[in-house]
Amino acid sequence: MALIKNVGKAVLGLAVLIGSIGKFAPHLFFDLPFPFSVILWVTTGHSMPMYFMPEAWKEDEIDTWMRDGDLVVATGVKSGTTFMLYCTHQIRTKGTDLDDELFPDVSVAAPWPDLKQSRAGSWAEQKDRYNDTTLANGKKWKDYWDNPAFPFRIFKSHYAPPELPVRKKGGKKIKYIAMTRNGIDVAASMTNFYSSHTDKFRKLWGGFPPDISGEDHAADEPPAAVKDMLPTGPMAEIYFGYVKKWWEYRNDPNVLFMHYADVRKDLKGYVAKIANFLEVDLNQEELDVVTQRCSIEHMKTLPDKFSYKMPLSLDKGLWDAETDGIVKTGAMVNSGQVGKGKAKFHPKVVEEWKKAEEDMFGHDPELLNWARNGGKYS
């Protein structure tokens with residue numbers, strides 16, 4: 001009996017300790033091996049992925065650092081984010097930054113306020129350092145993302161309303177570009193993306209995302225990344241939640257909501273559409289130049305531009321803020337193929353995904369069809 005009581009006390013004590021760490025110092029979980037690091041992170045009430053944070057976008061905060069005319073590229077995960085960040089930069093420079101001197105790295109030219117750049121980082125801790133940080137080349141980071149030559153500044157996000165205050169009354173006039181993709185194609189990209197992260201980034205976050213390069217993607221069971229994205233998975237919000245939230249805002253005047261398949265089908269037409277939304281006048285020659293530079297073929301010639309640096313990291317010994325990148329060189333610009341999910345996965349997995357789409361989007365047939373195929377919406 002005494003043994004049972006002692007074991008019970010030990011279990012209770014351990015639970016209290018874990019709860020206290022989860023509340024006051026959850027970053028300590030990342031010293032544990034995967035998957036225990038993630039299990040403890042999630043069970044103590046934290047969302048995934050652990051390096052996302054929405055604080056910069058709160059209504060009482062956003063006006064303290066954004067300006068009228070700023071652009072938030074809030075594309076869905078694995079739905080053309082890097083492509084859209086680079087393309088909107090080409091539009092704002094009208095294709096004149098031919099050597100990409102103003103675009104040394106995607107996260108330098110278009111910062112990502114969602115991103116926690118240190119294990120114990122926060123928006124409050126990082127905010128002022130966006131202005132004060134000096135890069136390895138001796139230049140201020142601010143001279144790139146807040147260059148006075150730009151007609152507007154570009155920021156990255158993977159959030160959707162209400163985390164992004166799209167209909168905020170008063171304050172700064174901000175524009176949002178949102179874009180999604182056929183869900184099974186997103187899932188296919190995620191299976192590659194998990195393994196595209198550098199080992200140093202993975203170690204920083206307790207082994208997440210795991211290297212799943214050895215998985216059999218043709219098996220009749222969903223791979224780990226797909227399981228995570230299904231409605232019952234810990235990252236269902238990054239696709240199903242994202243699409244449903246933005247759908248309600250698709251006709252707002254400060255929102256341009258697009259489908260990746262449509263953009264790939266008519267790149268020049270969408271470059272013109274995006275430029276019009278951003279109030280940038282492109283003549284025919286400029287439109288041709290910008291379209292060429294927005295192409296996947298051109299972006300593939302610039303693999304060093306898309307490593308996603310973290311200049312604000314304070315995790316010395318774990319991360320070199322000057323040289324380390326989140327993803328392996330060249331990993332962020334792939335073929336961008338439309339329809340690759342159906343070809344990649346076992347038919348049983350494809351059917352499971354289709355059932356999930358029907359469960360999550362089936363209440364609105366137009367939404368279901370558009371999420372899968374793109375095209376015009378009402």
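Everything below is about the structure printed above this text.
Residues numbered from 1 in each chain as written. Predicted model: local features only at pLDDT ≥ 70, side-chain atom pairs only at ≥ 80, totals over all residues. Heavy atoms only, no water.

(A) Structural detail: a nonpolar patch on the surface. Where nonpolar side chains cluster on the molecular surface, the patch consists of Leu32, Phe36 and Ile39 and spans about 280 Å² of accessible area. With respect to the element layout, isoleucine 39 can be found in helix H2 (residues 36–43). (Patch = residues over 30% accessible without salt bridge, like charges linked within 9 Å, V, L, I, M, F, W, Y side chains within 5 Å. Areas by Shrake-Rupley, 256 points an atom, 1.4 Å probe, with all protein chains shown as cover. Salt bridge = Lys/Arg side-chain N within 4 Å of Asp/Glu carboxyl O. Helix = DSSP H or I, 4+ residues; strand = E, 2+ residues; numbered from the N terminus.)

(B) Seen up close, the pattern of salt bridges. Applying the stated criterion across every chain yields a total of 20 salt bridges. For aspartate 359, the salt bridge is made with lysine 355, and the minimal N-O distance between the two is 3.0 Å. Here aspartate 359 pairs with lysine 355, and both are found in helix H18 (residues 347–361), just 4 residues apart, close to one helical turn. Judged by its relative accessible area of 45%, lysine 355 is partly exposed. (Buried < 20%, exposed > 50% of the residue type's maximum accessible area, 1.4 Å probe, protein only.)

(C) Examining the nonpolar core more closely. By size, the foremost hydrophobic cluster in this structure holds 114 residues, and its most contacted members are Met190 and Trp246. Top contributing element to this core by residue count: helix H9 (residues 183–196), with 7 residues. (Core = buried A, V, L, I, M, F, W, Y, C linked by side-chain atoms within 4.5 Å.)

(D) Representation of the state of the cysteines in the model. Summed over the entire model, instances satisfying the criterion amount to 1 disulfide. Each sulfur in the disulfide pair cysteine 87 and cysteine 294 lies 2.2 Å from the other. Looking down the S-S bond of the cysteine 87 and cysteine 294 bridge, the torsion is 95°, so its handedness is right-handed. Taken as a pair, cysteine 87 in helix H4 (residues 81–93) and cysteine 294 in the loop between helix H15 (284–293) and helix H16 (296–299) lie far apart in primary sequence, 207 residues in all. Cysteine 294 gets classed as buried once you look at its relative accessible area, which sits at 1%. (Disulfide = S-S within 2.5 Å.)

(E) Local environment of the packing of aromatic side chains. On inspection of all chains with the given rule, the structure shows 36 aromatic pairs. Seen in terms of ring centroids, tyrosine 194 and phenylalanine 208 are 5.7 Å apart; in terms of plane orientation they differ by 70°. Their pairing is edge-to-face. With tyrosine 194 in helix H9 and phenylalanine 208 in the loop between helix H10 (199–204) and helix H11 (224–229), this pair connects stretches of sequence that are 14 residues apart. Within the aromatic cluster, the residues linked to one another by ring pairs are Phe30, Trp41, Tyr51, Phe52, Trp112, Tyr159, Tyr194, Phe201, Trp205, Phe208, Tyr308 and Trp319. Taking the ring centre of tyrosine 249 as reference, the NZ or CZ of arginine 167 above it sits at 4.0 Å. The aromatic ring of tryptophan 247 is capped on one face by arginine 250, whose charged end is 3.9 Å from the ring centroid. (Phe/Tyr/Trp six-rings, centres within 6.5 Å; stacked < 30°, edge-to-face > 60°. Lys NZ or Arg CZ within 6 Å of the ring centre and 35° of its normal.)

(F) Summary view of the pairing of strand S4 (residues 255–259). Burial within S4 is extensive, with 5 of its 5 residues counted as buried. What you see with S4 is no split at all: Val255, Phe257 and His259 on one side and Leu256 and Met258 on the other are buried throughout. As paired strands, strand S3 (residues 175–180) and S4 are joined by 5 bridges and run parallel to one another. Counted as the bridge partner of tyrosine 176 is valine 255 from S4. (Pairing = 2+ DSSP bridges.)

(G) Fine view of unusual backbone geometry. A cis amide bond links phenylalanine 34 with the next residue in sequence, proline 35, at an omega value of 10°. With respect to the element layout, proline 35 can be found in the loop between helix H1 (2–24) and H2. The step from proline 161 to proline 162 runs through a cis peptide bond, and the omega angle for that step is 5°. The topology assignment puts proline 162 in the loop between strand S2 (154–156) and S3. Residues other than glycine seldom take positive phi values, yet lysine 78 does so here, at roughly 55°. Looking at the secondary structure, you find lysine 78 in the loop between strand S1 (71–73) and H4. Residue classification places lysine 78 among the buried positions, given a relative accessible area of 15%. Residue tyrosine 308 is not a glycine yet carries a positive backbone phi of 60°. Considering the arrangement of structural elements, one finds tyrosine 308 in the loop between H16 and helix H17 (340–344).

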